[in-house]
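Structural overview for review
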Amino acid sequence: MSGPMPLEPGGSEQDTLALRLARPPQPRRPRWTRDETTLAIRLPRPGPDEEAVNALAAELADRIGPAVHPWEVAALLEAEGLSASLIKERYGHPNLFSLASALYERVPRTFPEPPAPADPWRPDTLRCLLRGLLFALPALAYVLTAPLWRLDLYAPVLIVAGVVSWAWGQALGHRAYLRMVTGRREAARTLLTGSLMGAALSTALAAVPARGGPVTAVAAAQALYLAAAGVLLVLGRERLLLAALSPLVGGAAATLWWEPGAAARAGLTLLALLATLSVTVRVLWSGLRAPAAADGPRPPLRASVPYGLFGLAAALLVMLEGLRHPYAVIALTLSMGPAEWLLYRYRGWSVAALRVSATPREFLLRSTAVLGRCLSVYLLLLLPPALLTGSGPSVLVLAATLWTALLLQAFGSAWPPAVLCLPAAVAVGAVTWLHLPPGALALPVACGVAAAGLAVCTLGVLGRPAQHA
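Let us look at the structure shown here. (Residues numbered from 1 in each chain as written. Predicted model: local features only at pLDDT ≥ 70, side-chain atom pairs only at ≥ 80, totals over all residues. Heavy atoms only, no water.)

1. Considering the overall build of the protein
Rule in force here: Secondary structure is summarised from DSSP: a helix means a run of H or I of at least four residues, a strand means a run of E of at least two, and numbering begins at the N terminus for each. Between buried and exposed lies partly exposed: a residue is buried under 20% and exposed over 50% of the maximum accessible area for its type, with that area taken using a 1.4 Å probe on protein chains only. Areas reported as accessible are Shrake-Rupley estimates using a 1.4 Å probe. Residue values count occlusion only from the protein chains shown.
Of the regular secondary structure elements, the protein holds 21 helices and 0 strands. Within the protein, the proportion of its 469 residues that are buried is 40%. Summed over all atoms, the accessible surface of the protein reaches about 27200 Å², with 66% contributed by carbon and sulfur.

Written as structure tokens, this is what we have:
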């Protein structure tokens, strides 16, 4: 303070006496962000190449759409082989995740339905057709041996033997399928014992109207063949059965051009029977040599009773229809192959309907449509033979009854077919043999009532999703 103080503007008073306004404090930047030099050259940073990114999004849209997070898109890009340098140079994005996020935002979300699984009930068309043919081929034996005996006198004996064999075979087949769950040896043992018992019972009952005459031997041969053929069909050996019947087929075809003679007619029929029996013995012996399964509870015999009762009813109804329209019955027998194919298709179509149904009511409607479709296809198949043979609606109603009953049996519901079909068969038999009204209309009326009842049972039982899950 001893010296003079300069008071001119611009002097040191600018630092001491000047009025300064307060400024907000500036944040201190990190050292590495400060401009340490004034000579650094800064190039403009390029942005993303939108055109290239859009082209990539369009190319991968089908695989980006189902993604639920950008990281899934990043994994896709990495799997496509996009390197970090390529992402920077071609698409202008700093890294993989930046490009993935851009693609994820560009492509709308799409969630396609999963591929339909394989149909577990896809039928073997050739096998079904072969089975239908094998049901009808044994009738050639009667054609080949017709000149050797009086068919009109011995027909009742053979009908009794055939009806009993049919009913027994239905029950035995069901029990054999149950024993297959336990083991192959147990199923073979059941078939061996059951087939011998069935053949003996059928022959014994046929001997009653035959009064022990020589036709009893023919009935015994028929019973043995039906028992052996049933064993082969249950075990799925249709081709072996067809090979065994080849002498019969060849002999019947030969009669169209020349007369083979009585010895050839009888010999070819006997050869077909012996071939069938030998093949059956070989198949059963192979099954009996299989290792025994662990002991477990056997299925009760009463479980197979309704199957036998339905077999009895079906045999009676077919026999009664055959008395009036034998050629229509041949067509019905041949149609058993397509009928079995439609049983498989019903199960497959029902499973497909279950997958697309949202409510039980919706599935019931779809199940009704599936049932109507299968029945329509089957009856349309039989319509030309029905018109050609003059059987009219009789064989069609009978076919609808049998197919619906077999459908219920395939799902383990065996008592409704037995309860509805057996009274119908008894009623038609009584009307036919006692010559009661309505005569020829008895069979279509009785079968129509049975078919309607079976259809209601089918919708009630198979219209529930639990049966197809």
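2. Observations concerning a nonpolar patch on the surface
Heads up, the rule is: Residues enter a patch when their relative accessible area is above 30% and they make no salt bridge; the linking distance is 9 Å between like charges and 5 Å between nonpolar side chains (Val, Leu, Ile, Met, Phe, Trp, Tyr). Basic side-chain nitrogens of Lys or Arg form a salt bridge, by our definition, when they fall within 4 Å of a carboxyl oxygen of Asp or Glu.
A cluster of nonpolar side chains, namely L133, L242, Y327, I330 and L334, defines an oily patch on the protein surface of about 460 Å² accessible area. Top element by residues in the nonpolar patch is helix α16 (residues 326-334). It accounts for 3 residues. As for its position among the elements, I330 is in helix α16. Take I330: its relative accessible area is 41%, and that puts it in the partly exposed class.

3. Comments concerning the environment of V283
The following threshold applies: By definition, residues are in contact when any of their heavy atoms lie within 4.5 Å.
Structurally, V283 can be placed in helix α14 (residues 262-288). Residue class for V283 comes out buried when judged on its relative accessible area of 6%. Separated by 51 residues in the primary sequence, V283 and L232 place their C-alpha atoms 7.9 Å from one another. With residues up to four places along the chain from it excluded, the contact list for V283 reads L232, L235, R237 and L240.

4. What to know about unusual backbone geometry
The residue after P437, namely P438, is reached through a cis peptide bond having omega 10°. With respect to the helices and strands, the residue P438 is situated in the loop between α20 (415-434) and α21 (442-462). Unlike most non-glycine residues, H435 shows phi in positive territory, near 55°. Summarising the element assignment, H435 is placed in the loop between α20 and α21.

5. Description of the pattern of salt bridges
Taken as a whole, this structure holds 7 salt bridges when the rule is applied. For E80, the salt bridge is made with R63, and the minimal N-O distance between the two is 2.8 Å. Taken together, the residues E80 in the loop between α4 (70-79) and α5 (84-91) and R63 in helix α3 (residues 61-64) connect sequence positions 17 residues apart. Residue class for R63 comes out partly exposed when judged on its relative accessible area of 44%.

6. A word on the nonpolar core
Applicable threshold: For our purposes a nonpolar core is just a set of buried Ala, Val, Leu, Ile, Met, Phe, Trp, Tyr and Cys residues, chained together by side-chain atoms within 4.5 Å.
The biggest cluster of nonpolar side chains holds 47 residues, and the ones touching the most others in it are L332, Y346, Y378, L398, L402, W403 and L407. For this core, the secondary structure elements donating two or more residues are α15 (305-324), α16, α17 (336-356), α18 (360-389), α19 (393-410), α20 and α21. With 10 residues, α19 is the single largest residue contributor to this core. Excluding its chain neighbours within four sequence positions, the residues that come into contact with Y378 are L332, S335, M336, A339, L342, A399 and W403. Within the second largest apolar cluster, 21 residues are counted, among which are V53, L56, V73 and L76.

7. Quick look at the packing of aromatic side chains
The condition that has to hold: Any Phe, Tyr or Trp ring, taking Trp's six-membered ring, that has another such ring centre within 6.5 Å forms a pair; planes under 30 degrees apart are called stacked, those over 60 apart edge-to-face, and the others tilted. Whether a charge sits over a ring comes down to the Lys NZ or Arg CZ being within 6 Å of the ring centre and within 35 degrees of the ring normal.
Applying the stated criterion across every chain yields a total of 1 aromatic pair. Seen in terms of ring centroids, Y346 and F411 are 6.2 Å apart; in terms of plane orientation they differ by 90°. Their pairing is edge-to-face. Taken as a pair, Y346 in helix α17 and F411 in the loop between α19 and α20 lie far apart in primary sequence, 65 residues in all. In this pair, the class of Y346 matches that of F411, namely buried. We note R345 situated over the ring of W341; from NZ or CZ to the ring centre the distance is 6.0 Å. The positively charged end of R347 is found above the aromatic ring belonging to W121, 4.0 Å away from the centroid.

8. Digging into α15
Defined as follows: To estimate how far a helix should extend, the number of its residues minus one is multiplied by 1.5 Å.
Helix length check: α15 (20 residues) gives 30 Å between terminal C-alpha atoms against 28 Å at 1.5 Å per residue, within 8%. Within α15, 14 of the 20 residues are buried, which leaves it mostly tucked inside the rest of the structure.

9. A closer look at the packing of helix α11 (residues 215-234) against α14
Our working rule: Here an axis means a line fitted to C-alpha atoms, over the contact stretch when the element is a helix, while the angle between two N-to-C directions is reported on a 0 to 180 degree scale. Angle categories are assigned with fixed cut-offs, so that under 35 degrees is roughly parallel, over 145 is roughly antiparallel, 65 to 115 is roughly perpendicular, and the rest are oblique. Should the near helix be turned anticlockwise from the far one by less than a right angle, the crossing is left-handed, and should it be turned clockwise, the crossing is right-handed. Residues are grouped as follows: Ala, Val, Leu, Ile, Met, Phe, Trp, Tyr, Cys and Pro are nonpolar; Asp, Glu, Lys and Arg are charged; all remaining types, including Gly, are polar.
Running from amino to carboxyl end, α11 crosses α14 at an angle of 40°, the nearest separation of the two axes being 9 Å. In this view, α11 runs oblique relative to α14, as classed from their interaxial angle. Judged by the sense of rotation from one axis to the other, the crossing of α11 with α14 is left-handed. Contacts between α11 and α14 pair A221, L224, Y225, A228, A229, V231 and L232 from the former with L273, T276, L277, V279, T280, V283 and L284 from the latter. Its residues assigned to classes, the contact of α11 with α14 comprises 12 nonpolar, 2 polar and no charged.

10. Here we look at the packing of α17 against α18
The contact between α17 and α18 brings their axes to 9 Å, and the two run at 160°. In terms of their interaxial angle, α17 and α18 are classed as roughly antiparallel. Crossing of α17 over α18 shows right-handed handedness. Facing M336, P338, A339, L342, Y346, W349, S350, A353, L354 and V356 of α17, the residues of α18 in contact are E362, F363, R366, S367, V370, L371, R373, C374, V377, Y378 and L381. Here the residues of the contact of α17 with α18 sort into 16 nonpolar, 2 polar and 3 charged.

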